Amino acid sequence: QVQLVESGGGLVQAGGSLRLSCAASETIFRINAMGWYREAPGNERELVATVTSGGATDYADSVKGRFTVSRDNAKNTMSLQMNSLAPEDTAVYYCKFMGVRTSRRWMSEIWGQGTQVTVSS
(Lines give C-alpha, C1' and ligand atoms only; values in the text may rest on other atoms or scores of the structure.)
Protein backbone atom coordinates (compact mmCIF):
# COMPACT_ATOMS: atom_id res chain seq x y z
CA GLN A 1 0.00 0.00 0.00
CA VAL A 2 1.47 3.31 -1.08
CA GLN A 3 1.66 5.87 1.71
CA LEU A 4 2.16 9.60 1.58
CA VAL A 5 4.35 11.26 4.17
CA GLU A 6 4.09 14.97 4.89
CA SER A 7 6.79 17.01 6.58
CA GLY A 8 7.56 20.62 7.38
CA GLY A 9 4.74 21.56 9.70
CA GLY A 10 5.31 23.37 12.95
CA LEU A 11 4.77 26.52 14.96
CA VAL A 12 5.45 29.90 13.42
CA GLN A 13 4.63 33.50 14.25
CA ALA A 14 2.22 35.49 12.14
CA GLY A 15 3.98 36.83 9.06
CA GLY A 16 6.38 33.93 8.97
CA SER A 17 6.87 31.15 6.45
CA LEU A 18 6.80 27.37 6.34
CA ARG A 19 7.40 24.87 3.58
CA LEU A 20 5.47 21.61 3.54
CA SER A 21 6.57 18.59 1.58
CA CYS A 22 4.81 15.37 0.57
CA ALA A 23 6.48 12.22 -0.68
CA ALA A 24 5.35 8.71 -1.53
CA SER A 25 6.66 5.61 0.23
CA GLU A 26 7.34 3.77 -3.01
CA THR A 27 7.87 4.34 -6.70
CA ILE A 28 4.90 5.75 -8.57
CA PHE A 29 4.75 5.65 -12.34
CA ARG A 30 2.12 8.32 -12.79
CA ILE A 31 0.18 10.83 -10.72
CA ASN A 32 -2.54 12.81 -12.46
CA ALA A 33 -2.91 15.59 -9.95
CA MET A 34 -1.73 16.54 -6.49
CA GLY A 35 -3.33 18.71 -3.88
CA TRP A 36 -3.02 20.23 -0.44
CA TYR A 37 -6.00 20.40 1.88
CA ARG A 38 -6.39 21.65 5.43
CA GLU A 39 -8.73 21.06 8.31
CA ALA A 40 -9.05 23.47 11.20
CA PRO A 41 -10.80 22.50 14.46
CA GLY A 42 -14.55 22.65 14.00
CA ASN A 43 -14.27 23.13 10.25
CA GLU A 44 -14.58 20.84 7.28
CA ARG A 45 -11.53 19.88 5.29
CA GLU A 46 -10.97 22.45 2.55
CA LEU A 47 -8.93 22.63 -0.60
CA VAL A 48 -5.83 24.80 -0.40
CA ALA A 49 -4.04 24.25 -3.69
CA THR A 50 -3.76 21.80 -6.54
CA VAL A 51 -1.22 21.12 -9.27
CA THR A 52 -1.81 18.97 -12.34
CA SER A 53 0.67 16.69 -14.06
CA GLY A 54 1.26 19.49 -16.54
CA GLY A 55 2.03 22.00 -13.82
CA ALA A 56 -1.21 23.98 -13.87
CA THR A 57 -2.02 25.29 -10.41
CA ASP A 58 -5.13 26.46 -8.60
CA TYR A 59 -5.53 28.04 -5.18
CA ALA A 60 -8.20 28.81 -2.64
CA ASP A 61 -8.92 32.54 -2.62
CA SER A 62 -7.75 32.76 0.98
CA VAL A 63 -4.20 31.73 0.10
CA LYS A 64 -3.71 33.27 -3.33
CA GLY A 65 -0.58 35.38 -3.47
CA ARG A 66 0.78 33.85 -0.26
CA PHE A 67 1.07 30.12 -0.95
CA THR A 68 2.83 28.41 -3.85
CA VAL A 69 2.37 24.75 -4.74
CA SER A 70 4.93 22.87 -6.81
CA ARG A 71 5.69 19.30 -7.79
CA ASP A 72 8.71 17.31 -8.90
CA ASN A 73 7.50 14.70 -11.36
CA ALA A 74 10.83 12.90 -11.37
CA LYS A 75 10.73 12.42 -7.62
CA ASN A 76 6.93 12.27 -7.24
CA THR A 77 6.99 14.87 -4.54
CA MET A 78 4.95 17.99 -3.89
CA SER A 79 5.66 21.08 -1.85
CA LEU A 80 3.69 23.98 -0.48
CA GLN A 81 5.56 27.19 0.24
CA MET A 82 3.51 29.23 2.69
CA ASN A 83 4.42 32.89 3.21
CA SER A 84 2.80 35.68 5.20
CA LEU A 85 1.14 33.13 7.43
CA ALA A 86 -1.76 34.26 9.58
CA PRO A 87 -3.46 32.68 12.61
CA GLU A 88 -6.38 31.65 10.41
CA ASP A 89 -4.01 29.40 8.49
CA THR A 90 -3.70 27.21 11.58
CA ALA A 91 -4.86 23.71 10.65
CA VAL A 92 -3.79 20.18 9.94
CA TYR A 93 -2.54 20.12 6.37
CA TYR A 94 -3.02 17.00 4.23
CA CYS A 95 -1.58 16.11 0.85
CA LYS A 96 -3.45 14.05 -1.70
CA PHE A 97 -2.32 12.33 -4.87
CA MET A 98 -5.00 11.61 -7.46
CA GLY A 99 -4.98 9.10 -10.29
CA VAL A 100 -1.99 7.10 -9.05
CA ARG A 101 -0.39 4.29 -11.01
CA THR A 102 2.20 2.03 -9.38
CA SER A 103 3.74 -1.20 -10.63
CA ARG A 104 1.00 -3.18 -8.91
CA ARG A 105 -2.17 -1.14 -9.02
CA TRP A 106 -4.08 1.99 -9.84
CA MET A 107 -5.64 4.12 -7.12
CA SER A 108 -8.05 6.99 -7.52
CA GLU A 109 -6.58 8.87 -4.57
CA ILE A 110 -4.15 8.59 -1.68
CA TRP A 111 -4.11 10.82 1.41
CA GLY A 112 -1.25 11.67 3.70
CA GLN A 113 -1.56 11.47 7.47
CA GLY A 114 -1.50 15.23 7.97
CA THR A 115 0.93 17.69 9.49
CA GLN A 116 0.05 20.39 12.01
CA VAL A 117 0.64 24.02 11.15
CA THR A 118 0.12 26.49 13.98
CA VAL A 119 0.44 30.23 13.47
CA SER A 120 0.63 32.37 16.59
CA SER A 121 -0.47 35.99 16.66
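Scope of this entry: the structure provided in the associated data block. (Residues numbered from 1 in each chain as written. Predicted model: local features only at pLDDT ≥ 70, side-chain atom pairs only at ≥ 80, totals over all residues. Heavy atoms only, no water.)

**As for the pattern of salt bridges**
Part 1: All told, the structure shown has seven salt bridges when counted by the stated rule.
Part 2: A salt bridge links Asp89 to Arg38; the nearest nitrogen and oxygen atoms lie 2.9 Å apart. Here Asp89, found in the loop between β8 (77–82) and β9 (91–101), pairs with Arg38, found in strand β4 (residues 30–39); they are 51 residues apart in sequence, far enough to count as distant. For the pair formed by Asp89 and Arg38, the shared burial category is buried. (Salt bridge = Lys/Arg side-chain N within 4 Å of Asp/Glu carboxyl O. Helix = DSSP H or I, 4+ residues; strand = E, 2+ residues; numbered from the N terminus. Buried < 20%, exposed > 50% of the residue type's maximum accessible area, 1.4 Å probe, protein only.)

**Some points on the sheet that holds β8**
Part 1: On the basis of which strands lie adjacent, the open sheet formed by four strands has the order β1-β3-β8-β7 and antiparallel pairing. Of all strands in the sheet, those with a lone pairing partner are β1 (4–7) and β7 (67–72), marking the two edges. Put simply, the sheet's adjacent strands are angled 15° from each other on average, direction ignored.
Part 2: Here six bridges tie β7 to β8, and the two strands are oriented antiparallel to one another. Paired with Ser70 across the two strands is Ser79, which belongs to β8. (Pairing = 2+ DSSP bridges. Axes fitted to C-alpha atoms, helices over the stretch in contact; angles between N-to-C directions.)

**Looking at the side chain of Ser79**
Part 1: Its place among the elements puts Ser79 in strand β8.
Part 2: Excluding its chain neighbours within four sequence positions, the residues that come into contact with Ser79 are Arg19, Leu20, Ser21, Trp36, Thr68, Val69 and Ser70. (Contact = heavy atoms within 4.5 Å.)

**Here we look at the environment of Ala40**
Part 1: Its place among the elements puts Ala40 in the loop between β4 and β5 (46–52).
Part 2: The exposure class assigned to Ala40 is buried, which follows from its relative accessible area of 19%.
Part 3: Once residues lying within four places of it in the same chain are set aside, the contact partners of Ala40 are Thr90 and Ala91.

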